[in-house]
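Now for the letters of each chain:
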Amino acid sequence: MSNINSTLAGLEFAQIGWVVPDIHTTVRFLSQTLGIGFPEPEYIRAQDLKMSYMGKVVEADWLATQTYNGGTFIELIQPLTGQSMFHDYLAKYPAGGTQHLAFRLPISGFDKITEEIHKQGYAVISEVDHPIARMAFFDTYRTLGVATEIMGITPEGWAAIKQMQRANG
């Protein structure tokens, strides 16, 4: 049986997800200090994405922004109201920090990889079925120190990734 390390080794590292208490302060710091530009944060509602949390869609919202920098996407998330894995993280770590690492592959391999991780004993915290990607967030905190996001990218998603890379690369 494989383990989480060998499972993830076959995937492409895609994103660092930071949960922060004040997204505008974080964007300003990263922009002024490191020259990393971000688009204006967007308001996101979990229920609009049909994003599940512990198996059911719940009411939750947050601000988020993402940019491509140095070969990796950086995502910033500021929880606002409701309950989600982002709210849980900020409750546990009020100063914020790296909440998840994301790995991607074509959508055709998504079910196989997520089933393999689940068989290794890792529970799904949250899931999203979006036109650009299916996403599953696994509770790998005890093993890796962060949650692990698996992104099954659709053809529309690959086009969106290329567009972001060109705009920010």
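Owing to the predicted nature of the structure, the values given are computational and were not obtained by experimental measurement.

Q: Describe the overall build of the protein chain, listing the residues and the values that go with them.
A: Secondary structure assignment for the protein chain yields 7 helices and 10 strands. C-alpha extents for the protein chain along the principal axes are approximately 45 × 35 × 30 Å. Buried positions account for 45% of the 169 residues belonging to the protein chain. Excluding contacts between residues fewer than 6 apart, the proportion of contacts in the protein chain whose partners are at least 24 apart in sequence is 62%. Summing over all exposed atoms, the protein chain offers an accessible surface of approximately 8,900 Å²; the carbon and sulfur share of this is 54%. Separation of charge centres in the protein chain, based on 12 positive and 17 negative side chains, amounts to 4 Å.

Q: Break down the sheet that holds strand β6 (residues 72–82) for me, with residues and values.
A: The strand order across the open sheet built from 10 strands is β2-β5-β6-β1-β7-β10-β9-β8-β3-β4, with neighbouring strands paired in mixed fashion. The sheet is open, and its two borders are formed by β2 (42–45) and β4 (56–57), each paired with just one other strand. Sheet topology note: the strand β3 (residues 52–53)/β4 ladder contains 2 bridges and is antiparallel. Counterpart to Tyr 53 in the pairing with β4 is Lys 56.

Q: An account of the layout of surface pockets is requested, with residue identities and associated values reported.
A: Approximately 840 Å³ is the volume attributed to the largest pocket. For the largest pocket, the lining is made up of 34 residues, of which Gln 15, Ile 44, Gln 66, Glu 75 and Ile 132 are closest to its centre. When its residues are assigned to classes, the lining of the largest pocket shows 21 nonpolar, 6 polar and 7 charged. In terms of lining, the second largest pocket is formed by Tyr 53, Met 54, Met 85, Asp 88, Tyr 89, Lys 92, Tyr 93, Ile 125, Asp 139, Tyr 141 and Gly 145. Each residue belonging to the lining of the second largest pocket can be placed in one class, and the counts come to 7 nonpolar, 1 polar and 3 charged.

Q: Could you give an account of the packing of aromatic side chains, with specific residues and numbers?
A: Applying the stated rule across the entire model yields 5 aromatic pairs. Geometrically, the ring pair formed by Phe 86 and Phe 137 is edge-to-face, given 6.5 Å between the ring centres and 90 degrees between the ring planes. Note that Phe 86 is positioned in helix α4 (residues 85–92) and Phe 137 in strand β9 (residues 133–138), a separation of 51 residues in sequence. The exposure class assigned to Phe 86 is buried, which follows from its relative accessible area of 3%. Pairwise contacts between aromatic rings join Trp 62, Phe 86 and Phe 137 into one cluster.

Q: Help me get a handle on unusual backbone geometry, residues and values and all.
A: Of note in the backbone geometry, Lys 50 takes a positive phi value of approximately 55 degrees without being a glycine. Its place among the elements puts Lys 50 in the loop between α3 (46–49) and β3. One non-glycine residue, Met 54, lies in positive phi territory at about 55 degrees. Checked against the element boundaries, Met 54 lands in the loop between β3 and β4. With a relative accessible area of 54%, Met 54 lands in the exposed category.

What counts, and where the lines are drawn
Residues numbered from 1 in each chain as written. Predicted model: local features only at pLDDT ≥ 70, side-chain atom pairs only at ≥ 80, totals over all residues. Heavy atoms only, no water. Helix = DSSP H or I, 4+ residues; strand = E, 2+ residues; numbered from the N terminus. Buried < 20%, exposed > 50% of the residue type's maximum accessible area, 1.4 Å probe, protein only. Contact = heavy atoms within 4.5 Å. Areas by Shrake-Rupley, 256 points an atom, 1.4 Å probe, with all protein chains shown as cover. Lys, Arg positive; Asp, Glu negative; His and termini not counted. Charge placed at Lys NZ, Arg CZ, Asp CG, Glu CD. Pairing = 2+ DSSP bridges. 1 Å grid on protein atoms, 1.4 Å probe; cavity = no way out; pocket = protein on both sides within 12 Å on 5 of 7 lines; lining within 4 Å. Points joined across faces, edges and corners; volume = space filled by probe spheres on them. Nonpolar A, V, L, I, M, F, W, Y, C, P; charged D, E, K, R; others polar. Phe/Tyr/Trp six-rings, centres within 6.5 Å; stacked < 30°, edge-to-face > 60°.

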